[in-house]
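Per-entry structural report
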Amino acid sequence: MISMGDYQIQCTACGRLYPDTGSNECPDRHAALQRTVYSAQRLPCADLTGMMRFYDWLPVHNRPVVTAGPVTYKSEVFARELGLSHLYVTFNGFWPEKAAAIKTCSFKELEAVPTLARAAEKKSGILVVASAGNTGRAFAQVAAGMNTPVVVVVPKKSLPRIWTTVPADTVLLITVEGDYSDAISMSNYIADLPHLTAEGGAKNCARRDGMGTVMLDGATTIGRIPDYYVQAVGSGTGAIAAWEASQRLVRDGRFGHHLPRMVLSQNHPFIPMANAWNAGRREIDPMTDMADATQAISEVYADVLTNRNPPYGITGGLFDCLTETGGEIAAVRNDEARRAQT
Ligand SMILES: *Cc1c(COP(=O)(O)O)cnc(C)c1O
Ligand SMILES: [Zn+2]
């Protein structure tokens, strides 16, 4: 039995339910994502601003004081441009007129809040986070706000992207020669040192459930689960999180009984998940799906999308998400991205 306001963790491979120790691995060592199972089947929305109004579906017991959260609105002008009549945008950034208060200006801040809070509650040790920019900035900002230590590892060229709006005395920032993948390797090495622990990326249920508040805000604002969920992906964490949140909303019963179709994109020429998915493969084949990775990564416009080791084939990961939702991943060229931005 799970008591009210509580949760357990479930392995997506073996189905085993167990109490949260702060680990991101199955006690039986299955290579699979570990999910939260909340005792509250109906989503209670607390009378709070920001993401913490969904705290019953976040793996934390203490509620960090944050005003940041996703903000959903019905698009009119952009929708008209696209010829759509029911387009909703869930905005994750800073837009005071819309009460959008994510100061580091990306949804990574939604991931950082419960991840740092869970690590503090579970006494997991000091988190080590690798980033191409947005994750590092978000974790630095949130750790500073919570007065919690964090180690952030970024490629040297991402350094200008790391800033906070508050003094960040609890943040140790390390730069690495190379790209995002080199930062990930270095962070894994550092995380093995005493008192430090790898934050876990997509494997961390707190990160996914924090990100899942985007879907919760969308569905509660629209009144139903959307038909489609559109996102540019590098790791696919956002899409996996949206899928998991949708499954909870389906069990809730008040928002419809369908899962949203995942409409995802990667930036050509670095498109390992798009290649593997469009070839019908669960495994990313480095030789065919990301040949000349270093070169390809250096060419893309959206370098926050360049993850060489995404949670794609792993049980409960993006392949399963796309399969179950009837999803798709497109490859978008730089000139198309620039035109769309204009
Ligand atoms: C991290 C990031 C993405 C990619 O998200 P994933 O779900 O981790 O693949 C897309 N857009 C922005 C702005 C990001 O910061
Ligand atoms: Zn297991």
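Residues numbered from 1 in each chain as written. Chains lettered and ligands numbered in written order. Predicted model: local features only at pLDDT ≥ 70, side-chain atom pairs only at ≥ 80, totals over all residues. Heavy atoms only, no water.

1. Some words on the sheet that holds strand β11 (residues 196-198)
Backbone-to-backbone hydrogen bonds pair the strands of a sheet. The strands run either parallel or antiparallel. One open sheet accounts for four strands, arranged β10-β9-β8-β11; its pairing is parallel. Every interior strand has two partners, whereas the edge strands, β10 (171-176) and β11, have only one. Strand-to-strand twist of the sheet, defined as the mean angle between neighbouring strand axes without regard to direction, takes the value 25°. Pairing geometry for strand β8 (residues 126-130) and β11, over three bridges, is parallel. Of the residues in β11, the one forming a bridge with V128 is A198. Contacting β8, β9 (150-155) and β10, helix α3 (residues 134-146) crosses the sheet at an angle of about 155° to β8. (Pairing = 2+ DSSP bridges. Helix = DSSP H or I, 4+ residues; strand = E, 2+ residues; numbered from the N terminus. Axes fitted to C-alpha atoms, helices over the stretch in contact; angles between N-to-C directions. Contact = heavy atoms within 4.5 Å.)

2. Re a nonpolar patch on the surface
A grouping of F78, L82 and L84 is seen on the molecular surface, where their side chains present a nonpolar patch of about 300 Å² in accessible area. In this structure, L82 sits in helix α1 (residues 77-82). (Patch = residues over 30% accessible without salt bridge, like charges linked within 9 Å, V, L, I, M, F, W, Y side chains within 5 Å. Areas by Shrake-Rupley, 256 points an atom, 1.4 Å probe, with all protein chains shown as cover. Salt bridge = Lys/Arg side-chain N within 4 Å of Asp/Glu carboxyl O.)

3. Examining the packing of helix α2 (residues 108-121) against helix α5 (residues 205-222)
Remark: α2 packs on α5, axes separated minimally by 7 Å, with the N-to-C direction vectors making an angle of 140°. By the criterion of interaxial angle, the relationship of α2 to α5 is oblique. The two elements α2 and α5 meet at a crossing, and its hand is right-handed. Between α2 and α5, the residues in contact are K108, L110, E111, P114, T115 and R118 and C205, A206, R207, G210, M211, T213 and V214, respectively. (Parallel < 35°, antiparallel > 145°, perpendicular 65-115°, else oblique. Left-handed = near helix turned anticlockwise from the far one by under 90°.)

4. A closer look at the environment of V37
Inspection of the secondary structure puts V37 in strand β3 (residues 34-38). Exposure remark for V37: the relative accessible area of 24% places this residue in the partly exposed category. Taking the C-alpha atoms as reference, V37 lies 18 Å from A119; in sequence the two are 82 residues apart. (Buried < 20%, exposed > 50% of the residue type's maximum accessible area, 1.4 Å probe, protein only.)

5. Concerning the pattern of salt bridges
Scanning the model with the defined rule gives 19 salt bridges in all. Between E244 and R35 there is a salt bridge, with its nearest N and O atoms 3.1 Å apart. Taken together, the positions of E244 in helix α6 (residues 237-252) and R35 in strand β3 put the pair 209 residues apart, joining distant regions of the chain. Overall, the relative accessible area of 1% leaves E244 in the buried class. Of the charged contacts in the structure, one is a salt bridge between R339 and D335, with a shortest N-O distance of 4.0 Å. Of the two residues, R339 and D335 both sit in helix α11 (residues 334-341), four residues apart, roughly one turn of that helix. The class for R339 is exposed, based on a relative accessible area of 59%. Overall, the relative accessible area of 39% leaves D335 in the partly exposed class.

6. Some details on the domain arrangement of the protein
Its domain assignment divides the protein into domain 1 (7-57) and domain 2 (224-341). With centres defined by C-alpha atoms, the gap from domain 1 to domain 2 works out at 22 Å. Facing twelve residues of domain 1, the contacting portion of domain 2 comprises 13 residues. Buried area between domain 1 and domain 2, summed over both chains or domains, comes out near 1100 Å², and the portion from carbon and sulfur atoms is 54%. On inspection of domain 1 and its partner domain 2, the count reaches eight residue pairs in polar contact (both at pLDDT 80 or more). In terms of residue class, the side of domain 1 that touches domain 2 is made up of seven nonpolar, three polar and two charged. (Domains from an automatic or database assignment. Buried area = accessible area lost by both parts, 1.4 Å probe. Polar contact = N/O pair within 3.5 Å; in protein donor to acceptor, adjacent residues only side chain to side chain. Nonpolar A, V, L, I, M, F, W, Y, C, P; charged D, E, K, R; others polar.)

7. Side note on the sheet that holds strand β1 (residues 7-11)
The strand order β2-β1-β3 describes an open sheet built from three strands, whose pairing is antiparallel. Edge positions in the sheet fall to β2 (17-18) and β3, since each has one partner strand and no second. Sheet topology places β1 next to β2; two bridges connect them, and they run antiparallel. Counted as the bridge partner of Q10 is L17 from β2. The strands touched by α5 within the sheet are β1 and β3, with β3 carrying the most contacts at an inclination of about 60°.

8. Looking at the site of ligand 1
Neighbouring ligand 1 are 13 residues; K108, N134, G234, S235 and G238 lie closest to it. Between an oxygen atom of ligand 1 and a side-chain N or O atom of K108, the distance comes to 2.6 Å. Between ligand 1 and the protein, one listed contact pairs an oxygen atom with a backbone N or O atom of T237 at 3.4 Å. When ligand 1 sits alone it has 380 Å² of accessible area, and the protein chains cover 84% of it. Put simply, the parts of the chain that give the shell around ligand 1 at least two residues each are β12 (228-232) and α6. Here the residues of the shell around ligand 1 are counted per class, giving four nonpolar, eight polar and one charged. (Near = heavy atom within 4 Å.)

9. A closer look at α2
In this model α2 runs 20 Å from its N-terminal to its C-terminal C-alpha over 14 residues, within 8% of the 20 Å that 1.5 Å per residue would give. The element α2 is largely enclosed, with a buried count of twelve among its 14 residues. Taken as a whole, α2 has its buried residues at K108, E109, L110, E111, A112, V113, P114, T115, L116, A117, R118 and A119. Once α2 ends, the next one or two residues include K123, with phi positive near 50°. (Expected span 1.5 Å × (residues − 1).)

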